Amino acid sequence: ATREDGFVSAWQAVEETQHRTAASYWLITQPDHAALAGELAAHFVSPRFPCLEESVVRAIAVHDAGWALFGPEQENPAPPPTGAAGKPLSFLEIAPEDFIRAWSASIDQAEAESPVGGIMVSRHFCRLGRGRLAAGGDNDADTRRLVSFLEQEAQRERRLGSSLPYSQPELERLTD
């Protein structure tokens, strides 16, 4: 819903655009989107938000690196999957079996950059996973996959979190 000031949440805007059909499409890979997000984060300045450490910026820059498993980076890339109307599938429309593989590989890459990166990217995808579960509509096998993913990521956070100099609110803010 549009707020009184005319703004919508970023997530709502993304979700709406991902479902639109058009005469043509300009496709940006998820890894390229992540790299751009990292560049933006590196130059982000706000008196309401602290400067981001290099490890945080690097994690942002690789937060969708796992999607390279499916993209044009492959030796023999397949064309992007499309729906019945020929519209390329959004990342929101990919099967859980595939997006969980991409998410997990992305989190692994972010963790390789830094423990805080692993937690931030894990929390990012856990938010998406919990949202997907709350929306319902998945079959039992996909629901089990999502629940298992969330459980594995909770274990990862316990493993990584004990060594970090960040409070839970600070980690939430970095994830936001």
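Here the structure is shown first, and the text comes after it.
Residues numbered from 1 in each chain as written. Predicted model: local features only at pLDDT ≥ 70, side-chain atom pairs only at ≥ 80, totals over all residues. Heavy atoms only, no water.

Caption draft 1: Highlighting the layout of surface pockets. Each pocket or cavity is described by its volume, and for the second largest pocket that value is around 320 Å³. Residue lining of the second largest pocket: 13 residues in total, with Trp-11, Glu-15, Leu-92, Leu-128 and Arg-132 positioned closest to the centre. At the level of elements, α1 (10-18), α4 (96-113) and α5 (115-135) are the ones that each hand at least two residues to the lining of the second largest pocket. Per-element accounting of the lining of the second largest pocket gives the leading share, four residues, to α5. Of the residues assigned to the lining of the second largest pocket, the class counts are eight nonpolar, three polar and two charged. (1 Å grid on protein atoms, 1.4 Å probe; cavity = no way out; pocket = protein on both sides within 12 Å on 5 of 7 lines; lining within 4 Å. Points joined across faces, edges and corners; volume = space filled by probe spheres on them. Helix = DSSP H or I, 4+ residues; strand = E, 2+ residues; numbered from the N terminus. Nonpolar A, V, L, I, M, F, W, Y, C, P; charged D, E, K, R; others polar.)

Caption draft 2: Highlighting the packing of α4 against α5. In the contact formed by α4 and α5, the axes pass within 7 Å of each other and the chain directions differ by 160°. With respect to α5, the axis of α4 lies roughly antiparallel. Crossing geometry of α4 relative to α5 is assigned as right-handed. Every residue of α5 that contacts α4 at Pro-96, Phe-99, Trp-103, Ser-106, Ile-107, Ala-110 and Glu-111 is listed here: Pro-115, Gly-117, Gly-118, Val-121, Ser-122, Phe-125, Leu-128, Gly-129 and Arg-132. When the residues that make up the contact of α4 with α5 are grouped by side-chain class, the tally is nine nonpolar, five polar and two charged. (Axes fitted to C-alpha atoms, helices over the stretch in contact; angles between N-to-C directions. Parallel < 35°, antiparallel > 145°, perpendicular 65-115°, else oblique. Left-handed = near helix turned anticlockwise from the far one by under 90°. Contact = heavy atoms within 4.5 Å.)

Caption draft 3: Structural view of the nonpolar core. Core analysis: the biggest nonpolar cluster contains 17 residues, and Trp-67, Phe-99, Ile-100, Trp-103, Val-121, Phe-125 and Phe-149 have the highest contact counts within it. At the level of secondary structure, the elements contributing two or more residues to this core comprise α4, α5 and α6 (140-161). What Phe-99 contacts, discounting residues up to four positions off in sequence, is Trp-67, Ile-94, Arg-132 and Leu-146. The next biggest cluster of nonpolar side chains, apart from the first, holds eleven residues, and it includes Val-56, Ile-119, Met-120 and Leu-164. (Core = buried A, V, L, I, M, F, W, Y, C linked by side-chain atoms within 4.5 Å. Buried < 20%, exposed > 50% of the residue type's maximum accessible area, 1.4 Å probe, protein only.)

Caption draft 4: Expanded view of α5. With 21 residues, α5 should reach 30 Å at 1.5 Å per residue; the first-to-last C-alpha distance of 30 Å fits that figure. Of all the positions in α5, only Val-116, Gly-117, Gly-118, Ile-119, Met-120, Val-121, Ser-122, Arg-123, Phe-125, Cys-126, Leu-128 and Gly-129 are classed as buried. Looking one or two residues past α5, Gly-136 carries a phi angle of roughly 70°, positive in sign. (Expected span 1.5 Å × (residues − 1).)

Caption draft 5: Structural context of the packing of aromatic side chains. Scanning all chains against the criterion turns up three aromatic pairs. Plain terms: the ring middles of Phe-99 and Trp-103 are 4.5 Å apart, the flat faces sit at 35° to each other, and that makes the pair tilted. Pair noted here: Phe-99 and Trp-103 are both in helix α4, with a separation of four residues, about one helical turn. Neither residue differs from the other here; Phe-99 and Trp-103 are each classed as buried. (Phe/Tyr/Trp six-rings, centres within 6.5 Å; stacked < 30°, edge-to-face > 60°.)

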